[in-house]
Amino acid sequence: MESLSTTCVIAGAGPAGMMCGYLLARAGVDVTVLEKHADFLRDFRGDTVHPSTLQIMYELGLLEDFLKLPHTRITTGNLEIGDAHFVIGDFSRLPTQCKFIALMPQWDFLDFLARQARKLPNFHLLMQTEARNLILRDDLVCGVLAASPDGDVEIKAGLTIAADGRHSTLRGKSGLGVLDLGAPFDVLWLRLPVKPGDPADLIGKVRDGQLFVMIYRTDYWQCAYLIPKGGFDIIKADGLSEFRARLKQIAGFAAGRVDEAITDFDQVRLLTVTVDRLEKWARPGLLCIGDAAHAMSPIGGVGINLAIQDAVAAANILALILQKGAPGLHDLEKVQARREFPTKVIQAFQVAAQNFLLAPTLTAMRTPKPPLLVKALNRWPWLRQFPARFIGMGVRPEHVRLPKR
Ligand SMILES: Cc1cc2nc3c(=O)[nH]c(=O)nc-3n(C[C@H](O)[C@H](O)[C@H](O)COP(=O)(O)OP(=O)(O)OC[C@H]3O[C@@H](n4cnc5c(N)ncnc54)[C@H](O)[C@@H]3O)c2cc1C
């Protein structure tokens with residue numbers, strides 16, 4: 001078996017792993033990032049780059065080049081309840097460099113970060129290399145066993161970071177306990193065509209017990225249709241024409257495009273929503289970050305951005321320690337101490353929204369009355385900065401504290 005040695009091995013080149021790898025390498029740490037796929041080209045899995053992440057790109061001096069990549073800018077959040085339209089969020093007043101959400105395919109984002117990271121001599125990205133197990137010496141994690149097209153490889157490291165997503169293999173092997181917060185709904189993702197004159201916006205729609213979110217993507221609408229947990233089989237059994245009829249009821253100005261766009265259930269992707277978090281994010285030699293530490297609900301589109309915040313916090317706390325040797329458990333626990341509170345607050349908001357707003361709406365099969373808060377946000381524009389701040393900047397935003405070496 002091939003054997004490699006590095007200071008920090010990171011499993012998973014998603015937003016968390018790639019950003020953490022880049023930041024550590026930029027601070028002079030030898031990092032090896034493993035990605036099981038051959039490229040970053042995956043179907044839609046979250047393209048909402050929030051002001052908090054754009055701020056990190058600015059602090060890294062990457063923002064100008066980053067914004068040269070094709071993207072769409074969203075400055076307001078909108079809600080339609082029945083026929084009434086409400087503006088409920090305004091990003092243009094945020095105290096950040098970018099006062100908008102950038103919608104960009106996640107593979108472009110990851111490709112960009114990989115390009116920047118590969119310029120650093122101590123950054124190593126091994127594609128098509130899947131972390132399969134932890135190397136253990138007594139209780140201490142000393143690296144990972146991985147599989148690559150050239151055979152098995154062991155990668156020894158003073159620190160192993162599990163950033164391998166919400167179905168994390170390493171978290172499964174770690175024995176760390178998971179707290180499942182539950183989610184009463186799943187999401188069907190689909191695309192509808194854009195036509196000239198469409199609003200370049202983010203619109204949530206509520207009508208007759210149906211919930212639909214439309215995200216403007218320049219040449220198509222990325223749409224989320226919310227269904228009760230496990231309900232996709234029932235929808236498929238009811239047939240495509242029934243499903244299209246339901247979509248047409250809720251798609252508003254895009255209703256006339258449903259028949260031409262949705263001709264097969266293959267064009268509809270199921271996201272099984274999970275909300276969970278680890279009780280402990282670390283054990284000796286191992287730290288979990290991003291979805292591997294906490295799978296988020298899609299409410300608010302915060303998953304990528306929280307993963308990036310974890311990466312920044314982990315690098316801020318651990319880079320100097322890694323330059324001198326392997327971090328101890330108490331060092332790794334500082335990352336959890338820093339990031340657990342923001343995660344808990346956002347998850348509490350998501351769980352409250354899904355249990356008290358979404359689930360009752362999906363089961364009631366009627367259009368609810370607009371909540372008082374929604375009416376207030378629509379009436380007083382200055383109020384709209386607060387939900388935008390909560391979603392766009394998060395709680396306890398991270399900043400790059402590491403000098404470039
Ligand atoms: C359909 C869908 C829609 C979403 N919509 C949004 C949204 O609109 N906005 C938002 O912010 N978030 C959204 N999310 C969530 C968001 O994608 C995640 O929260 C975010 O990507 C988490 O980043 P991560 O780096 O922790 O994990 P991931 O992005 O899951 O990255 C993990 C990486 O590890 C790799 N990997 C997995 N196992 C291994 C292994 N054993 N060895 C090596 N590599 C491995 C994977 O291939 C992947 O590249 C969505 C997710 C899904 C599935």
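Preceding this section is the structure that the text describes.
Computed from a prediction, not measured in an experiment: that's the story for all the values here.

Asker: Help me understand the overall build of the protein, please; the structure alone is not making it clear to me.
Answerer: When helices and strands are counted, the protein shows 12 helices and 21 strands. A compact globule built from 405 residues would reach a C-alpha radius of gyration of about 22 Å, and the protein, at 22 Å, matches this within 12%. Its C-alpha atoms put the protein at 60 × 45 × 35 Å along the principal axes. If you sum the accessible surface of the protein, you get close to 17,200 Å²; carbon and sulfur atoms cover 54% of it. The distance from the centre of the 47 positive side-chain charges to the centre of the 42 negative ones in the protein is 6 Å.

Asker: It is not clear to me how the pairing of strand β2 (residues 31-34) should be interpreted in this structure. Could you clarify?
Answerer: Across a regular strand the side chains alternate sides, sitting on one face of the sheet and then on the other. Residues Val31 and Val33 point to one face of β2 and Thr32 and Leu34 to the other, with burial holding for every one of them. In the sheet, strand β1 (residues 2-11) pairs with β2 via four bridges, with the strands oriented parallel. When the bridges of β2 are listed, Ile10 appears paired with Val33.

Asker: When you look at the packing of helix α1 (residues 15-26) against helix α4 (residues 106-118) in this model, what are you seeing that I'm missing?
Answerer: Geometry of a packed helix pair, given as the angle between the helix axes and the separation of the axes. Their axes nearest at 9 Å, the elements α1 and α4 cross at an angle of 20 degrees. Regarding the angle of α1 to α4, the classification is roughly parallel. Considering the relative orientation of α1 and α4, their crossing is left-handed. Along the contact surface, α1 presents Pro15, Met18, Met19 and Tyr22, while α4 presents Gln106, Phe109, Leu110, Leu113, Ala114, Gln116 and Ala117. In terms of residue class, the contact of α1 with α4 is built from nine nonpolar, two polar and no charged.

Asker: What am I meant to see in the packing of helix α2 (residues 51-59) against helix α9 (residues 303-324) here?
Answerer: Contact geometry for α2 and α9: axes closest at 9 Å, N-to-C directions at 40 degrees. Relative to α9, α2 is oriented oblique. In the packing of α2 onto α9, the handedness of the crossing is left-handed. Along the contact surface, α2 presents Ser52, Thr53 and Ile56, while α9 presents Asn305, Ile308, Gln309 and Val312. In terms of residue class, the contact of α2 with α9 is made up of three nonpolar, four polar and no charged.

Asker: Explanation requested: the sheet that holds strand β14 (residues 202-207) in the structure shown.
Answerer: Within a sheet, each strand pairs with its neighbour through backbone hydrogen bonds, oriented either parallel or antiparallel. Sheet architecture is open: seven strands sit in the order β6-β5-β14-β15-β16-β13-β17, paired in mixed fashion. Looking along the sheet, the strands with just one partner apiece sit at the ends: β6 (84-90) and β17 (269-271). Strand-to-strand twist in this sheet, taken as the mean axis angle between neighbours without regard to direction, amounts to 25 degrees. Against the sheet, helix α7 (residues 240-250) contacts β13 (185-193), β14, β15 (210-216) and β16 (220-228), and its axis sits at roughly 70 degrees relative to β15. The strands that helix α10 (residues 329-364) touches are β13, β14, β15 and β16; relative to β16, the one it contacts most, it runs at about 85 degrees.

Asker: Which parts of the structure should I look at to understand the sheet that holds strand β21 (residues 294-295)?
Answerer: Taken together, three strands build an open sheet; the order of strands is β12-β18-β21 and the sheet is antiparallel. Across the chains shown, the open sheet's two edge strands, defined by having one partner strand only, are β12 (178-180) and β21. Here strand β18 (residues 276-278) pairs with β21 via two bridges, running antiparallel. Paired with Asp276 across the two strands is Ala295, which belongs to β21.

Asker: Teacher, can you tell me more about the side chain of Gln350 here?
Answerer: Looking at the secondary structure, you find Gln350 in helix α10. Residue classification places Gln350 among the buried positions, given a relative accessible area of 0%. Beyond its immediate chain neighbours, meaning those up to four positions away, Gln350 contacts Met296, Ser297, Ile299 and Val302.

Analysis parameters
Residues numbered from 1 in each chain as written. Predicted model: local features only at pLDDT ≥ 70, side-chain atom pairs only at ≥ 80, totals over all residues. Heavy atoms only, no water. Helix = DSSP H or I, 4+ residues; strand = E, 2+ residues; numbered from the N terminus. Rg over C-alpha atoms; globule rule 2.2 N^0.38 Å. Areas by Shrake-Rupley, 256 points an atom, 1.4 Å probe, with all protein chains shown as cover. Lys, Arg positive; Asp, Glu negative; His and termini not counted. Charge placed at Lys NZ, Arg CZ, Asp CG, Glu CD. Buried < 20%, exposed > 50% of the residue type's maximum accessible area, 1.4 Å probe, protein only. Pairing = 2+ DSSP bridges. Axes fitted to C-alpha atoms, helices over the stretch in contact; angles between N-to-C directions. Parallel < 35°, antiparallel > 145°, perpendicular 65-115°, else oblique. Left-handed = near helix turned anticlockwise from the far one by under 90°. Contact = heavy atoms within 4.5 Å. Nonpolar A, V, L, I, M, F, W, Y, C, P; charged D, E, K, R; others polar.

Any functional reading would require information that these geometric values do not contain.
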